[in-house]
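Fold and contact review
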Amino acid sequence: MSKRLDWIQEELEALKQAGLYNRIRTIGSAQGAWLVVDGKRVLNFCSNNYLGLANHPQMVRAAQEILNVYGVGPAAVRTIAGTLELHLELERRLARFKNVEAAITFQSGFMANLAAIPALVGKEDVIYSDELNHASIIDACRLSGATIVRYNHVNPDALDEAIRQNKGKYRRGLAVTDGVFSMDGDIAPLDKIYEVTSQHEVMLMVDDAHGEGVLGRGGRGIVDHFDLHGKVDVEVGTFSKAFGVVGGAVAGSPLIVEWLRQRGRPFLFSSAATPADVAACIAALDILENSTELVDKLWANANYFKSEMRRLGFDTGLSVTPITPIMLGEAPLAQQFSRELFEEGVFAMALGFPTVPRGKARIRVMISAAHSQEDLQKGLEIFARVGKKLGVIH
Ligand SMILES: *Cc1c(COP(=O)(O)O)cnc(C)c1O
């Protein structure tokens, strides 16, 4: 018997020993405030379905109707025969919604980062990257071949210092940061970061995956939140979170958008987004442009849940967004907490090292506009019960 794959078995065993093996739960229902998870009906605090759009009737109908016109598959990459009128409509609509000049869409947010970063910088260049940036930014930075300089989390002074130290050593510079950080729910100080990058003539990119549909007026994102229209070169967004579908985008400078149509490799070499997904994204924009009701409800729910959790005695960390970490300390406690919640009918994820630093394990609650007041009440009661049982609160 060949031994050439034995190493995989050993690595998998090592993951299990270290408590890092992913046991993946399966969902047996549509997304919403309640889910069937591994056959059990539970209150959902895990999804990125911030606005409850993942199963919104208007979006489902838009997808169904377009299937009859364009069919199911794009059958080509965007640059050969895959660009439908529908894709251009989504790009125009997104740019209008975000109040920027241009936008280009991709198959996912991950793809948007993989397209943008290697197209903007290469071996002779430097990237300044927040130390807690998302994996897709890290991979895109590595793929670009540029020198990567990490700066202290959400610290514009550290960014300034890093740029000064590297002045004159490279052809071009790009500063890149998450907008909302998904583990803590904190926000990059984009206004201050912009002051630094504009002073040094460094390009600025923000990945607003968790801010799209959440931050800014009516969910217009982090650039709108800080009123930096026309100033941030690249704003990456995703249609996979608040928008409830799947897909990614770059919004901002028309010059960069044109460049990515020529040089964004996932745009050139991976098939276009499907008609149904694109139609659903356009319907999401219709909903968001029509009313701020869902975004308002998301924030009301998040503020209520967070303040009640604090009142109960839980530590909700640094969060200023609907991402609500419940800080617990050690990973085994977080895992036990998550299991006990599930037994009681609440689905909330435990996060430990290496996803978050050692000693900072937590449960992460994702609040949604889909939650009713009763849902939140029920969640709070169960959190209080489990918290007391495990000695986290008194
Ligand atoms: C989720 C996320 C992505 C990936 O988005 P997808 O559309 O799911 O590929 C990229 N960047 C950040 C910061 C994210 O949180």
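Residues numbered from 1 in each chain as written. Predicted model: local features only at pLDDT ≥ 70, side-chain atom pairs only at ≥ 80, totals over all residues. Heavy atoms only, no water.

Quick look at helix H8 (residues 190–199)
Defined as follows: Categorising residues by exposure relies on relative accessible area from a 1.4 Å probe, with only protein chains included: less than 20% of the type maximum marks a residue as buried, more than 50% marks it as exposed, and the intermediate range marks it as partly exposed. A run of H or I in DSSP counts as a helix once it spans at least four residues, and a run of E counts as a strand once it spans at least two, with each numbered from the N terminus. It is the directions from the helix axis to the C-beta atoms that the arc portrays. Between two residues, a contact is recorded if the distance between any of their heavy atoms is within 4.5 Å.
All of the buried residues along H8 are Leu190, Ile193, Val196 and Thr197. One side of H8 carries all its buried residues, which in axial view fall inside an arc of 120 degrees. The exposed residues of H8 that point more than 90 degrees off its buried face are Glu195 and Gln199. On the buried face of H8, the contacting elements are strand S5 (147–151), helix H7 (156–166), strand S6 (173–178), strand S7 (203–207) and helix H9 (222–225). Taken from the residues just after H8, Glu201 is the one with a positive phi, measuring 55 degrees.

Remarks on the nonpolar core
Worth spelling out the cut-off: We define the nonpolar core as a collection of buried residues of types Ala, Val, Leu, Ile, Met, Phe, Trp, Tyr and Cys that are connected through side-chain atoms lying within 4.5 Å of one another. Start and end points for every domain follow an automatic or database-based domain assignment.
Membership of the largest hydrophobic core comes to 63 residues, with the highest contact counts inside it found for Tyr50, Leu51, Met59, Tyr128, Leu159 and Leu190. A per-element tally of this core places helix H12 (residues 275–290) first, with 11 residues. Two domains each provide a minimum of three residues to this core, namely domain 1 (20–50 + 292–389) and domain 2 (57–290). Leaving out residues up to four positions away in the same chain, Tyr128 has contacts with Val149, Tyr151, Leu159, Ala162, Ile163, Asn166, Leu174, Ala175, Val176 and Val202.

Points about the sheet that holds strand S13 (residues 361–366)
What counts is decided by this rule: Pairing between two strands is assigned when DSSP locates at least 2 bridges connecting them. As a rule, the C-alpha atoms of each element are fitted with a line to give its axis, helices using only the stretch in contact, and angles between N-to-C directions run from 0 to 180 degrees.
Within the open sheet, the three strands sit side by side as S10-S13-S12. Their pairing is antiparallel. Each edge of the sheet is formed by a strand with only one pairing partner; in this case those strands are strand S10 (323–329) and strand S12 (349–351). Neighbour to neighbour, the strand axes of the sheet diverge by 30 degrees on average, direction disregarded. Summarising the sheet, S12 and S13 pair through three bridges and their orientation is antiparallel. What sits directly across from Met349, in S13, is Arg364.

Describing the pairing of strand S9 (residues 248–252)
In terms of residue burial, S9 counts as a mostly covered element, since five of its five residues are buried. Burial of the side chains of S9 extends over both faces: Gly248, Val250 and Gly252 are buried on one face and Ala249 and Ala251 on the other. In this structure, strand S3 (residues 102–106) lies alongside S9, joined through five bridges in antiparallel fashion. Counted as the bridge partner of Ala102 is Gly252 from S9. One ladder, built from five bridges, connects strand S8 (residues 234–238) with S9; its direction is antiparallel. Note that in S9 the partner of Val234 across the bridge is Gly252.

A look at the domain arrangement of the chain
Defined as follows: Once two parts are put together, the accessible area they lose, assessed with a 1.4 Å probe and summed over both, is termed the buried area. We define a salt bridge as a side-chain nitrogen of Lys or Arg found within 4 Å of a carboxyl oxygen belonging to Asp or Glu. We call two N or O atoms a polar contact when they sit within 3.5 Å, provided that within protein one can donate a hydrogen and the other can accept it, with sequence-adjacent residues counted only if both atoms are side-chain atoms. Each residue is assigned to one of three groups, with Ala, Val, Leu, Ile, Met, Phe, Trp, Tyr, Cys and Pro labelled nonpolar, Asp, Glu, Lys and Arg labelled charged, and all others, Gly among them, labelled polar.
Structurally, the chain comprises domain 1 (20–50 + 292–389) and domain 2 (57–290). Once you take the C-alpha centre of each, domain 1 and domain 2 turn out to be 27 Å apart. On the domain 2 side, the residues contacting the 21 residues of domain 1 number 19 residues. Across the interface of domain 1 and domain 2, roughly 1500 Å² is buried in total on both sides, 65% from carbon and sulfur atoms. Contact with domain 2 buries area across many residues of domain 1, yet Asn48, Tyr50 and Val295 alone supply 29% of it, more than any other trio. For the interface between domain 1 and domain 2, the tally reads one salt bridge. Its salt-bridge partner being Asp184, residue Arg362 comes within 2.8 Å of it at the nearest N-O pair. One can count eight residue pairs in polar contact (both at pLDDT 80 or more) joining domain 1 with domain 2. Elements with a contribution of two residues or more to the side of domain 1 that touches domain 2: helix H13 (293–312), S10 and S13. Within the side of domain 1 that touches domain 2, the residues separate by chemical class into 13 nonpolar, six polar and two charged.

Considering helix H5 (residues 109–120)
Since the α-helix advances by 3.6 residues per turn, residues separated by three or four positions end up pointing in the same direction. The cut-off we apply is this: Expected span, for any helix, means 1.5 Å times one less than how many residues it has.
Spanning 12 residues, H5 covers 17 Å between terminal C-alpha atoms, matching the ideal 16 Å at 1.5 Å per step. Most of H5 is tucked away: nine of the 12 residues are buried. Among all positions in H5, only Gly109, Ala112, Asn113, Leu114, Ala115, Ala116, Ile117, Ala119 and Leu120 are buried. For H5, the N-terminal cap is Ser108; the gap from its side-chain oxygen to the backbone nitrogen of Phe110 is 3.4 Å.

Notes on unusual backbone geometry
Look at the link from Phe353 to Pro354: it is a cis peptide, with omega at 10 degrees. Tracing the backbone shows Pro354 in the loop between S12 and S13. A positive phi is found at Val154, a non-glycine position, where the angle reads about 45 degrees. Along the chain, the position of Val154 falls in the loop between S5 and H7. The class for Val154 is partly exposed, based on a relative accessible area of 25%. Phi angles above zero are rare outside glycine, and Glu201 is one such case at about 55 degrees. Note that Glu201 resides in the loop between H8 and S7.

Focus: the site of the ligand
Our working definition: Residue proximity to a molecule or strand is established when one non-hydrogen atom of the residue lies within 4 Å of it.
Lining the immediate environment of the ligand, one finds 13 residues, of which Gly109, Asp207, Thr238, Ser240 and Lys241 sit closest. Between His134 and the ligand, the recorded distance is 3.4 Å, taken from a side-chain N or O atom to a nitrogen atom. One of the side-chain nitrogen or oxygen atoms of Asp207 is found 2.5 Å away from a nitrogen atom of the ligand. Tallied by class, the residues present in the shell around the ligand amount to two nonpolar, eight polar and three charged.

Considerations on the sheet that holds strand S11 (residues 346–347)
Taken in spatial order, the three strands line up as S1-S2-S11 in an open sheet, and their pairing is mixed. The sheet is open, and its two edges are formed by strand S1 (34–37) and S11, each paired on a single side. Bridge count between S1 and strand S2 (residues 40–44): four bridges; the pairing is antiparallel. Each bridged residue has a counterpart across the sheet, and for Trp34 the counterpart in S2 is Leu43.

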